[in-house]
Amino acid sequence: MLYRLLSIVQRQRTSPGWQNWSSSRSSTSATEAHSVTLPAQAQVVICGGGIMGTSVAYHLSKMGWQDIVLLEQGRLAAGSTRFCAGILSTARHSSIEQKMADYSNKLYLQLEQETGIQTGYLRTGSISLAQTQDRLISLKRINSRLNVIGIPSEIISPKKVAELHPLLNVHDLVGAMHVPEDAVVSSPDVALALASAASQNGVQIYDRTSVLHVLIKKGQVTGVETDKGQIECQYFVNCAGQWAYELGLSNEEPVSIPLHACEHFYLLTRPWNTPLQSNTPTVVDADGRIYIRNWQGGILSGGFEKNPKPIFTEGKNQLEIQNLREDWDHFEPLLSSLLRRMPELETLEIMKLVNCPETFTPDMKCIMGESPVVQGYFVLAGMNSAGLSLGGGAGKYLAEWMVYGYPSENVWELDLQRFGALQSSRTFLRHRVMEVMPLMYDLKVPRWDFQTGRQLRTSPLYDRLDAQGARWMEKHGFERAKFFVPPNKDLLPLEQSKTFYKPDWFDIVESEVKCCKEAVCVIDMSSFTKFEITSTGDQALESLQYLFSNDLDVPVGHIVHTGMLNEDGGYENDCSIARLNRRSFFMISPTDQQVHCWAWLKKYMPKDSNLLLEDVTWKYTGRGATLTKLLTPAQSAVAFTKPVVRALNLIGPRAVDLLSELSYAPMTPDHFPTLFCKEMSVGYANGIRVMSMTHTGEPGFMLYIPIEYALHIYNEMMSVGQKYGIRNAGYYALRSLRIEKFFSFWGQDLNALTTPLECGGESRVKLEKGIDFIGRDALLQQKQNGVYKRLAMFILDDHDTDVDFWPWWGEPIYRNGQYAGKTTSSAYSYTLERHVCLGYVHNFSEDSGEEQVVTTDFINRGEYEIDIAGQRFQAKAKLYPITSYFTHKRRKDDVELSDFHGK
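Here is a short report on the structure shown in this document.

Here is what the cut-offs are and how they apply
- Residues numbered from 1 in each chain as written.
- Predicted model: local features only at pLDDT ≥ 70, side-chain atom pairs only at ≥ 80, totals over all residues.
- Heavy atoms only, no water.
- Helix = DSSP H or I, 4+ residues; strand = E, 2+ residues; numbered from the N terminus.
- Buried < 20%, exposed > 50% of the residue type's maximum accessible area, 1.4 Å probe, protein only.
- Contact = heavy atoms within 4.5 Å.
- Areas by Shrake-Rupley, 256 points an atom, 1.4 Å probe, with all protein chains shown as cover.
- Core = buried A, V, L, I, M, F, W, Y, C linked by side-chain atoms within 4.5 Å.
- Polar contact = N/O pair within 3.5 Å; in protein donor to acceptor, adjacent residues only side chain to side chain.
- Axes fitted to C-alpha atoms, helices over the stretch in contact; angles between N-to-C directions.
- Parallel < 35°, antiparallel > 145°, perpendicular 65-115°, else oblique.
- Nonpolar A, V, L, I, M, F, W, Y, C, P; charged D, E, K, R; others polar.
- Salt bridge = Lys/Arg side-chain N within 4 Å of Asp/Glu carboxyl O.
- Pairing = 2+ DSSP bridges.
- Expected span 1.5 Å × (residues − 1).
- Bend = angle between axes of the 7 residues up to and from the residue.
- Left-handed = near helix turned anticlockwise from the far one by under 90°.
- Patch = residues over 30% accessible without salt bridge, like charges linked within 9 Å, V, L, I, M, F, W, Y side chains within 5 Å.
- Lys, Arg positive; Asp, Glu negative; His and termini not counted.
- Charge placed at Lys NZ, Arg CZ, Asp CG, Glu CD.
- Phe/Tyr/Trp six-rings, centres within 6.5 Å; stacked < 30°, edge-to-face > 60°.
- Lys NZ or Arg CZ within 6 Å of the ring centre and 35° of its normal.

### A short note on the overall build of the chain
Stage number 1. For the chain, the count of helices and strands is 23 helices and 41 strands.
Stage number 2. Out of the 903 residues belonging to the chain, those deemed buried represent 61%.
Stage number 3. Summarising the internal contacts of the chain: among those between residues at least 6 apart in sequence, 72% fall at separations of at least 24.
Stage number 4. When the accessible area of the chain is evaluated, it comes to approximately 34600 Å², of which 48% is carbon and sulfur surface.

### Some details on the nonpolar core
Stage number 1. I46, L60, Y108 and V237 are the most contacted members of the largest nonpolar core, which totals 54 residues.
Stage number 2. Those elements that place two or more of their residues in this core are β1 (44–47), α3 (51–62), β2 (68–71), α5 (95–115), α8 (187–200), β21 (377–381) and α11 (387–404).
Stage number 3. Here V237 is in contact with V44, V45, I46, C47, V56, F378, L398 and M402, once residues within four sequence places are set aside.

### What about the environment of K62?
Stage number 1. Tracing the sequence through the fold places K62 in helix α3.
Stage number 2. What makes K62 partly exposed here is its relative accessible area of 46%.
Stage number 3. In this structure, the C-alpha to C-alpha distance between K62 and A198, residues 136 residues apart in sequence, is 7.9 Å.
Stage number 4. Non-local contacts of K62, meaning those with residues more than four positions away in its chain, are made with E114 and N201.
Stage number 5. Polar contacts involving the side chain of K62 include one to the side chain of E114, which spans 2.8 Å.

### Topic: the packing of α3 against α5
Stage number 1. Packing of α3 against α5 leaves a shortest axis separation of 14 Å and a crossing angle of 75 degrees. Judged by the inter-axis angle, α3 sits roughly perpendicular to α5. Each of I51, Y58, H59 and K62 in α3 lies in contact with α5, whose residues at this interface are Y103, L107, Y108, Q110, L111 and E114.
Stage number 2. Split by residue class, the contact of α3 with α5 holds 6 nonpolar, 2 polar and 2 charged.

### Looking at the pattern of salt bridges
Pairing between side chains of opposite charge can happen when their charged atoms approach one another.
Stage number 1. If you walk through the whole model with that rule in mind, you get 38 salt bridges.
Stage number 2. Here D574 ties to R764 by a salt bridge, and the two come within 3.3 Å at their closest N and O atoms. Taken as a pair, D574 in strand β27 (residues 571–581) and R764 in the loop between α21 (731–740) and α22 (776–785) lie far apart in primary sequence, 190 residues in all.
Stage number 3. Look at D574 and you get buried, because its relative accessible area is 11%.
Stage number 4. The salt bridge involving K741 is made with E698; its shortest N-O contact spans 3.2 Å. Taken together, the positions of K741 in the loop between α21 and α22 and E698 in the loop between β32 (685–691) and β33 (700–706) put the pair 43 residues apart, joining distant regions of the chain.

### Quick word on the sheet that holds strand β24 (residues 520–524)
Stage number 1. Taking strand neighbours across the sheet as the criterion, the 6 strands line up as β31-β32-β33-β30-β24-β34 in an open arrangement whose pairing is mixed. Both outer strands of the open sheet, β31 (677–682) and β34 (726–728), are each paired with one neighbouring strand and no more. On average, each strand axis in the sheet is tilted by 30 degrees relative to the strand beside it, whichever way the strands run.
Stage number 2. Across 5 bridges, the pairing between β31 and β32 is antiparallel. Opposite V682, over in β32, you have A685 as the bridge partner.

### Some details on the sheet that holds strand β12 (residues 229–232)
Stage number 1. Read from one edge to the other, the open sheet built from 3 strands follows the order β10-β11-β12, with strand pairing classed as antiparallel. Either end of the sheet is taken by a strand with one partner, and the two such strands are β10 (211–217) and β12. Between one strand axis and the next, the sheet turns by 25 degrees as a mean value, whatever way the strands run.

### Quick look at α11
Stage number 1. Taking 1.5 Å as the rise per residue, α11 with 18 residues should run 26 Å; its terminal C-alpha atoms sit 24 Å apart, in good agreement.
Stage number 2. Along α11, the largest kink reaches about 30 degrees and is centred on G393.
Stage number 3. Where burial is concerned, most of α11 is hidden: 15 out of the 18 residues are buried.
Stage number 4. Following α11 by one or two positions, G405 adopts a phi angle in the positive range, close to 100 degrees.

### Section: the pairing of strand β23 (residues 478–484)
Every regular strand shows the same layout, with side chains that alternate between the two sheet faces.
Stage number 1. Within β23, 7 of the 7 residues are buried, which leaves it mostly tucked inside the rest of the structure.
Stage number 2. Counting the residues between successive antiparallel strands, the hairpin from strand β22 (residues 470–475) to β23 contains 2 residues, one of them, H476, with a positive phi of roughly 55 degrees.

### A short note on the pairing of strand β41 (residues 871–878)
Stage number 1. Here 4 bridges tie strand β35 (residues 789–796) to β41, and the two strands are oriented antiparallel to one another. The residue of β41 that forms the bridge with F794 is A877.
Stage number 2. The pairing of strand β40 (residues 864–868) with β41 spans 5 bridges and is classified as antiparallel. For Y864, the partnering residue across the bridge sits in β41 and is A875.
Stage number 3. Taken together, β40 and the strand that follows it, β41, pair antiparallel across an intervening segment of 2 residues, in which A869 is found at a positive phi of about 55 degrees.

### Section: the environment of E154
Stage number 1. Within the fold, E154 resides in strand β6 (residues 154–156).
Stage number 2. With relative accessibility at 39%, the residue E154 sits in the partly exposed group.
Stage number 3. Taking the C-alpha atoms as reference points, E154 and A176, separated by 22 residues in sequence, lie 8.4 Å from one another.
Stage number 4. Beyond its immediate stretch of four places on either side in the chain, E154 contacts N143, A176, M177 and H178.

### Observations regarding the packing of α5 against α8
Stage number 1. With their axes 10 Å apart at the nearest point, α5 and α8 run at an angle of 55 degrees to one another. By the angle class used here, α5 and α8 are oblique. Note on packing geometry: the crossing formed by α5 with α8 is left-handed. Contact residues: L107, Y108, L111, E114 and T115 in α5; V190, A193, L194 and A197 in α8.
Stage number 2. Residues that form the contact of α5 with α8 fall into these classes: 7 nonpolar, 1 polar and 1 charged.

### A few points about the environment of A91
Stage number 1. Within the secondary structure, A91 sits in the loop between β3 (87–88) and α5.
Stage number 2. Sequence separation of A91 and N143 is 52 residues, and the distance between their C-alpha atoms is 7.8 Å.

### Some remarks on a negative patch on the surface
Stage number 1. A cluster of acidic residues, E567, D568, D772 and D777, forms a negative patch at the surface.
Stage number 2. Relative to the helices and strands, D772 is located in the loop between α21 and α22.

### With respect to helix α6 (residues 133–148)
Stage number 1. Its 16 residues give α6 an end-to-end C-alpha distance of 23 Å, which sits within 8% of 22 Å, the value for a rise of 1.5 Å per residue.
Stage number 2. Of all 16 residues that make up α6, 12 are buried, and the element is covered over most of its length.

### What to know about the packing of aromatic side chains
Stage number 1. Following the criterion strictly, the structure yields 29 aromatic pairs and no others.
Stage number 2. Their ring planes at 50 degrees and their centres at 5.7 Å tell us that F483 and Y732 sit as a pair that is tilted. One end of the pair, F483, is in strand β23; the other, Y732, is in helix α21, and 249 residues separate them in sequence. Both residues of the pair, F483 and Y732, belong to the buried class.
Stage number 3. What links up through ring pairs into an aromatic cluster is the set F483, W505, F506, Y732, W806, Y828 and Y830.
Stage number 4. If you follow R815 out to its NZ or CZ, it ends over the ring of F858, 3.6 Å from the centre.
Stage number 5. Above the ring of Y814, the side-chain terminus of R872 is found at 3.5 Å from the ring centroid.

Now the structure itself:
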């Protein structure tokens with residue numbers, strides 16, 4: 001080995017700021033801690049005194065809430081915050097994480113002036129290295145997004161890298177990204193400064209006080225039980241880091257918080273003979289799996305190895321996190337990578353190898369928001385080794401959520417409710433985080449799927465579809481077919497198929513789309529969220545009329561597309577509802593809405609025994625105890641015996657012929673109009689719920705089938721359908737079809753901050769239906785004042801599908817050369833033979849930068865470009881769905897975009 005490992009000569013540094021804080025509080029000594037009397041009640045109790053907990057306390061107090069208690073089981077900042085490497089990076093793939101990190105950077109910069117506590121903040125800048133062209137493309141995508149939100153960054157050459165950091169070996173680099181305003185900071189001191197400011201604003205802080213469990217009554221937080229007594233409260237915030245999982249399960253009504261800790265290693269060296277300058281940029285060498293920063297004239301360097309070590313599978317092992325056991329054999333690959341990047345480290349003395357726990361989540365994104373099962377129970381945890389960078393912004397957004405009802409930015413991708421209880425299995429979490437931790441530095445390419453924790457929720461057709469060449473993706477635990485590989489068709493191995501360019505499945509999906517347009521395809525869509533709402537009287541209709549924007553008082557058998565809005569008119573859900581009879585409704589929503597939609601309905605529907613809400617997505621009992629709270633004992637007994645419902649989507653012009661033959665019933669529009677639902681026989685099976693819609697705009701039907709009939713009906717379809725050219729299709733074909741028809745999708749194009757008036761959804765709103773509904777007042781106001789963004793379709797003009805980067809989502813949109821918004825989803829249109837993107841256009845004033853009203857004329861008069869990894873492509877914008885054009889395929893050379901017209 002090319003290094004000398006010396007014995008540890010220095011204990012972990014204790015912050016002078018911490019000592020000052022300790023001497024000023026009565027709760028800091030072990031002796032005094034037992035004599036502290038906690039307040040009997042508070043508005044908010046926060047558990048956790050690290051960056052997350054102190055940030056939430058700081059921001060709540062800044063927003064005017066003062067009756068706040070923060071409890072820490074050890075000392076403030078003595079958990080994972082104490083061991084944080086102290087690198088603040090805004091170079092992130094997710095737009096919301098970029099905004100959170102940017103806010104954190106600005107907050108930490110001014111904390112010292114606000115509190116008088118030194119935080120060690122130093123603006124060093126950062127350099128992200130690229131050893132491959134694919135990595136450089138990834139950095140270019142990040143660079144484009146940073147620039148449009150006002151964070152200076154640039155793509156630089158290896159020569160420039162050497163100028164910024166002379167100790168780096170740059171011979172194997174193809175480029176890099178420089179972010180000059182990134183910084184380093186002392187994490188414990190930041191937490192201390194946040195706590196100090198919160199305390200000055202009235203927050204009461206008690207260390208050496210453990211939360212045993214949260215008190216809950218009728219699904220609402222009522223208090224906390226600690227080792228020093230009870231505190232009554234309305235809100236509880238779980239910022240317990242690696243112990244958040246255990247704490248969530250300790251209640252009588254468990255709160256599922258899916259995260260798991262892994263060991264994380266970094267080394268500290270002695271200073272160089274000529275110490276590194278304090279403003280030396282931090283370095284991220286993702287291809288080498290390491291990061292490097294200046295540390296007291298030497299370096300601090302760690303990374304994310306390919307074979308992580310999960311820890312602490314159960315129990316609170318430590319009140320305060322201590323340095324775990326060194327493992328130089330495990331760290332050796334990272335050390336070798338470090339020595340290749342900085343060869344002069346051979347002569348530098350290594351002082352210490354730090355081993356500390358870091359928590360990771362199943363999808364590499366942090367967890368925040370309110371529990372779906374306990375009102376007033378909020379969570380901020382699972383930071384995936386980005387707690388310092390995200391902590392300031394995350395604390396701000398969570399505080400806004402608590403004070404105002406929703407944060408100022410769309411945080412759905414971070415929302416606790418994106419997970420279900422199924423993602424909290426210890427075995428699942430242990431295996432998934434072993435995949436997630438290496439992915440922190442793996443290449444982020446479009447539509448890559450996790451490989452662990454799979455085949456958790458499978459359709460009865462799974463084995464049949466798998467045998468026919470299905471390639472699978474996972475959504476909310478469900479296995480869904482992406483596409484079907486024909487016999488004798490070879491695809492690239494998984495690692496080689498990761499690309500920013502034209503994928504190897506292009507021709508396969510093209511054939512599936514063609515079949516949907518010319519013959520008939522079947523897609524298993526069983527994963528979609530499905531609820532039934534029933535009452536003995538008119539309560540179901542009355543409740544749904546209040547909860548949804550469209551008019552649901554329609555004749556039996558009719559289907560209504562509608563939004564479930566919040567008070568600001570934003571989409572909490574976008575769904576289809578069929579009226580089964582006068583007192584029963586069937587609701588279909590996106591797959592990942594299962595938990596969120598349930599929680600929203602449960603929150604706003606009246607709690608009387610005459611109203612029955614049932615989740616028929618997968619298991620009729622939904623989330624077990626959660627469901628039965630809305631049922632009487634008799635109703636509960638019935639609910640447990642009802643069948644599970646599967647869903648098959650039959651798409652294409654020959655779907656009418658196929659279903660007519662299988663049902664011996666006429667299925668033409670005259671007999672079975674669009675957006676109509678009725679139960680009928682299909683094959684030998686009775687009671688099949690058939691709906692004349694496809695979620696794509698193409699002709700066809702959705703069939704909702706009791707699970708015991710699913711395989712029979714599928715077999716009959718495939719057998720009888722041979723004469724009609726039937727084949728299987730997957731979700732990639734579905735996405736292409738829906739985007740080219742301008743069908744927006746919740747969670748991608750629609751969210752809680754977008755309204756129907758901003759996305760062409762006016763037809764799904766009935767402002768004058770005679771019954772007030774949630775969000776109506778906000779929509780009336782917006783209708784009067786105008787909208788400040790509009791969803792548009794962009795058809796790329798000068799983009800070569802074979803050689804250019806493909807759009808993904810989040811690409812900047814430019815109007816007349818000025819930034820105007822970003823894309824929300826994209827797909828290749830095999831009908832237009834061009835790429836199509838959906839995205840929101842804003843009208844930013846050139847003088848003030850403030851947003852102005854976006855009119856139809858403003859959209860139509862603009863010249864547009866889409867920025868894909870720094871390269872701009874011309875695009876034509878349209879505001880409304882394209883309709884009659886798609887009845888016949890035409891080549892792109894024959895297409896005049898002026899032919900397009902809206903509904």
